[in-house]
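Coordinate analysis (summary)
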Amino acid sequence: MNTLDQRTALEQAAQKRIKDSHALDGDVGRLAHFYRGWASSYDLDVGREGYCGPTVVAELAGAVQTAYLANDRAAIAILDAGCGTGLVGAQLKRLGFQLLDGFDLSEEMAGKARKTRVYRHVQGDVDLNGPLSDYCSATYDITICCGVFTLGHVRPVALRELARVTRPNGFIIASTRKSYAEATSFEDEVRRLQDAGVLVTAQCLNDGKYIAEEGAHYWVFQVPHRASAPAG
Ligand SMILES: C[S@@+](CC[C@H](N)C(=O)[O-])C[C@H]1O[C@@H](n2cnc3c(N)ncnc32)[C@H](O)[C@@H]1O
């Protein structure tokens, strides 16, 4: 096999793994199993496919801090929900953020994130489709969720828990792949949460660059001061 053939084969394998990950029906066991096998080649695969989600969400966090938050970046507490191997953490560190926590369903992906040493604490085996019982309410200035609101992964209702762990007047930054947003009525969930006073949409970058195959929407939500999310 020549070098060009090798590169094509690697690209096709990466595309197949990305596609396969979208067919896991949100099943926690299948997702954890799948990512256990993907952890070692994930960064290379998504890099080959031009994945820029982590850069965009980190830069949105930078803009939010500059525009709205009183504290310096070094003092802004950020939760990276579904942190995977830590690609978002690396981008946040580049921009001067230091107080980073992360969690992921997959212990193997979380282990990779831990090894980057950019996080204070990374927890594995945390399911965003259920209550985040290890996380206190109103803790984080910014909660980020990148590449997780995607087909076969996490349901839009997870936004409620992300809002609960974010402090009043804090922000949630999330990507939604276009196909996911359409298939899951993500915007209906946003409207429900907005009507319930759980969050407010502060900004949405529509159809931004994300990965070669498809774009994503990038959302910035603010948690209102009188957040009515249940105490945890
Ligand atoms: C496409 S990766 C994105 C990882 C990272 N945020 C990034 O941008 O590179 C999706 C991640 O979501 C995690 N995940 C999938 N379902 C989850 C769930 N129910 N709860 C928490 N994490 C989940 C996977 O283990 C995987 O690490």
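Residues numbered from 1 in each chain as written. Predicted model: local features only at pLDDT ≥ 70, side-chain atom pairs only at ≥ 80, totals over all residues. Heavy atoms only, no water.

Description of the packing of aromatic side chains
This structure, assessed with the given rule, holds twelve aromatic pairs. With centroids separated by 5.6 Å and ring planes inclined at 75°, the aromatic side chains of F34 and W38 adopt a geometry described as edge-to-face. Taken as a pair, F34 and W38 lie in helix α2 (residues 28-38) at a separation of four residues, close to a single helical turn. Connected via pairs of aromatic rings, a cluster forms that spans F149, Y180, F186, W219 and F221. (Phe/Tyr/Trp six-rings, centres within 6.5 Å; stacked < 30°, edge-to-face > 60°. Helix = DSSP H or I, 4+ residues; strand = E, 2+ residues; numbered from the N terminus.)

A short note on the nonpolar core
I78, L92, F97, I142, I144 and I173 are the most contacted members of the largest nonpolar core, which totals 42 residues. Look past the residues within four positions of I78 in its chain and what remains in contact with it is L92, F97, L99, L100, D101, Y140, I142 and I144. Among the nonpolar cores identified, the runner-up in size contains 29 residues, and V148, A158, V198 and F221 belong to it. (Core = buried A, V, L, I, M, F, W, Y, C linked by side-chain atoms within 4.5 Å. Buried < 20%, exposed > 50% of the residue type's maximum accessible area, 1.4 Å probe, protein only. Contact = heavy atoms within 4.5 Å.)

Notes on the pattern of salt bridges
Opposite charge on two side chains lets them pair, provided their charged atoms get close. Counting across every chain of the model gives 15 salt bridges. Two residues, E213 and R177, come together in a salt bridge whose shortest N-O distance is 3.3 Å. In this pair, E213 sits in the loop between β6 (200-211) and β7 (214-222) while R177 sits in strand β5 (residues 166-177), placing the two residues 36 residues apart along the sequence. Taking the relative accessible area as the measure of exposure, E213 reaches 59% and is therefore exposed. Judged by relative accessible area, which is 4%, R177 ranks as buried. A salt bridge links R177 to E214, with the nearest nitrogen and oxygen atoms 2.7 Å apart. (Salt bridge = Lys/Arg side-chain N within 4 Å of Asp/Glu carboxyl O.)

Notes on the side chain of S106
Mapped onto the secondary structure, S106 falls in the loop between β2 (99-103) and α6 (107-116). You can call S106 buried: its relative accessible area is 2%. Engagement of the side chain of S106 in a polar contact is seen with the backbone nitrogen of E108, the distance being 3.3 Å. Engagement of the side chain of S106 in a polar contact is seen with the backbone nitrogen of M109, the distance being 3.0 Å. Once residues within four sequence positions are removed from consideration, S106 is found in contact with Y35 and R36. (Polar contact = N/O pair within 3.5 Å; in protein donor to acceptor, adjacent residues only side chain to side chain.)

So, the sheet that holds β6
Judged by pairing direction, the sheet is mixed, and its seven strands sit side by side in the order β3-β2-β1-β4-β5-β7-β6 without closing on themselves. Looking at strand neighbours, the two that pair on one side only are β3 (121-123) and β6, the edges of this open sheet. The sheet shows a mean angle of 15° between the axes of neighbouring strands, taken without regard to direction. Summarising the sheet, β6 and β7 pair through seven bridges and their orientation is antiparallel. Across the sheet, V200 pairs through a bridge with Q222, a residue of β7. Here helix α7 (residues 158-165) sits on the sheet and contacts β1 (77-81), β4 (140-149), β5 and β7; the angle it forms with β5, its principal contact strand, is near 145°. (Pairing = 2+ DSSP bridges. Axes fitted to C-alpha atoms, helices over the stretch in contact; angles between N-to-C directions.)

A closer look at the site of the ligand
The environment of the ligand is made up of 22 residues, and the closest members are Y42, Y51, G82, D104 and C146. Between V126 and the ligand, the recorded distance is 3.4 Å, taken from a backbone N or O atom to a nitrogen atom. Here the ligand loses 97% of its free accessible area of 590 Å² to cover by the protein chains. Looking at the shell around the ligand, the elements that each hand over two or more residues are α2 and β4. The element that contributes the greatest number of residues to the shell around the ligand is β4, accounting for three residues. Among the residues making up the shell around the ligand, the classes are represented as 14 nonpolar, six polar and two charged. (Near = heavy atom within 4 Å. Areas by Shrake-Rupley, 256 points an atom, 1.4 Å probe, with all protein chains shown as cover. Nonpolar A, V, L, I, M, F, W, Y, C, P; charged D, E, K, R; others polar.)

Here we look at helix α9 (residues 186-195)
Looking only at α9, the buried set comprises F186, E189, V190 and L193. Down the axis of α9, the sector holding all buried residues measures 105°, keeping them to one side. Summarising the geometry of α9, the exposed residues directed more than 90 degrees from the buried face are R192 and D195. Looking at the buried positions of α9, the neighbouring elements they touch are β4, α7, β5, α8 (178-184), β6 and β7. In the stretch just after α9, G197 is the one whose phi turns positive, near 75°. (Arc of directions from axis to C-beta.)

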